[in-house]
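Okay, here's what each chain looks like letter by letter:
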Amino acid sequence: MSLRIWGVVCLAATLSGCLKVNTSQAPMATTWESSDQQRMQAAHHWDVLARNEARNIMANQRLRGRPLYVFSPQPATPFARGFHSLLESQLVQQGALVSTQPEGSVLISPAVQVVRHSDRGFIRRPPGTLTMLAAGVAWAFQPLNHWSEPALALIPGAAAFDAFSGNMTEVGNTEVIITTRASEFDTLLYSSSNIYYVNAGDSNHYEAQNGLRVSSQW
């Protein structure tokens, strides 16, 4: 490289340092550290949540040994009805004093918020997804020229799919925030929130349908 080119490079580096070029008129967007979030898509998952909440409530020193009343929110959605019964059952199984009347009891009140995303942009696949896909394609084409029975190449891929297919799911655009609170005399004694993905078609399990249905039939 000529002396003139080196001079231009050094000058550009010097000017960039003087002008602080790693500045911006607005904050630059960055991504979050990779994390996991479960998808809730079965009544059994409601029972798992109820069991965890009952365990945490019983572990709370301010709630242990106190009569508990599980409040049923209105209007009752399928999730609200199911979670109410499941939480009562789990509390009883773990030795809680569950009251049928709110008077003189600590109120346990679940609440649900449905969150819908309409413009999330590109969401990167889990690390290694494209590598595994490329390796699978390469493995599938290898036997065509070297094996007498190319169909045998499908066996390892099918076995891998059977082993890992249960771990694969879409991110989705619909989430629910489920909060379980315990209160007494306007004082919050316990609060626990959990966030899950749900299938878009299952959102009516978690939120009340407001308004009248419009129909062309008389």
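Coordinates for the structure precede this section.
Structural notes, computed from the coordinates. Here the structure is a predicted model, which is why all the values come from computation and not from measurement.

### Points about the packing of aromatic side chains
Part 1: As enumerated under the stated definition, the model contains 4 aromatic pairs in all.
Part 2: Arranged with centres 5.2 Å apart and planes meeting at 15°, the rings of Phe79 and Phe83 form a pair that is stacked. Residue Phe79 and its partner Phe83 are both found in helix α3 (residues 78-93); the two are separated by 4 residues, about one turn of the helix.
Part 3: Note on Phe79: relative accessible area 1%, which makes it buried.
Part 4: The buried category is assigned to Phe83, whose relative accessible area is 1%.
Part 5: Arranged with centres 5.2 Å apart and planes meeting at 40°, the rings of Phe79 and Tyr206 form a pair that is tilted. In this pair, Phe79 is assigned in helix α3 and Tyr206 in the segment after β5 (187-197), connecting sequence segments 127 residues apart. The exposure classification of Phe79 matches that of Tyr206, with both residues buried.

### Digging into the pairing of β5
Part 1: Two elements, strand β4 (residues 174-184) and β5, share 10 bridges in a ladder whose sense is antiparallel. Its bridge partner being in β5, Thr179 is matched across the sheet by Ser193.
Part 2: With antiparallel pairing between neighbouring strands as the criterion, β4 and β5 make up a hairpin whose turn holds 2 residues, including Phe185 at a positive phi of roughly 55°.

### So, helix α2 (residues 43-59)
Since there are 3.6 residues in each turn of an α-helix, residues three or four apart along the chain are aligned in direction.
Part 1: An ideal rise of 1.5 Å per residue puts 24 Å on 17 residues; α2 measures up with 25 Å between its terminal C-alpha atoms.
Part 2: Buried residues of α2: Trp46, Asp47, Leu49, Ala50, Glu53, Ala54, Ile57 and Met58, and no others. All buried residues of α2 project into a common sector of 165° when viewed along the axis, lining one side.

### So, the pattern of salt bridges
Part 1: The full count for this structure, using the stated rule, is 2 salt bridges.
Part 2: One salt bridge connects Glu184 with Arg66, and the closest N-O pair in it is separated by 2.4 Å. Here the residue Glu184 occupies a position in strand β4, and Arg66 occupies one in the loop between α2 and β1 (67-70), the gap between them amounting to 118 residues.
Part 3: When the shortest N-O distance is used, the salt bridge between Arg116 and Glu207 registers 2.2 Å. With a gap of 91 residues between them, Arg116 in strand β3 (residues 106-116) and Glu207 in the segment after β5 connect regions that are remote in the sequence.
Part 4: Arg116 gets classed as partly exposed once you look at its relative accessible area, which sits at 47%.

Cut-offs applied
- Residues numbered from 1 in each chain as written.
- Predicted model: local features only at pLDDT ≥ 70, side-chain atom pairs only at ≥ 80, totals over all residues.
- Heavy atoms only, no water.
- Phe/Tyr/Trp six-rings, centres within 6.5 Å; stacked < 30°, edge-to-face > 60°.
- Helix = DSSP H or I, 4+ residues; strand = E, 2+ residues; numbered from the N terminus.
- Buried < 20%, exposed > 50% of the residue type's maximum accessible area, 1.4 Å probe, protein only.
- Pairing = 2+ DSSP bridges.
- Expected span 1.5 Å × (residues − 1).
- Arc of directions from axis to C-beta.
- Salt bridge = Lys/Arg side-chain N within 4 Å of Asp/Glu carboxyl O.

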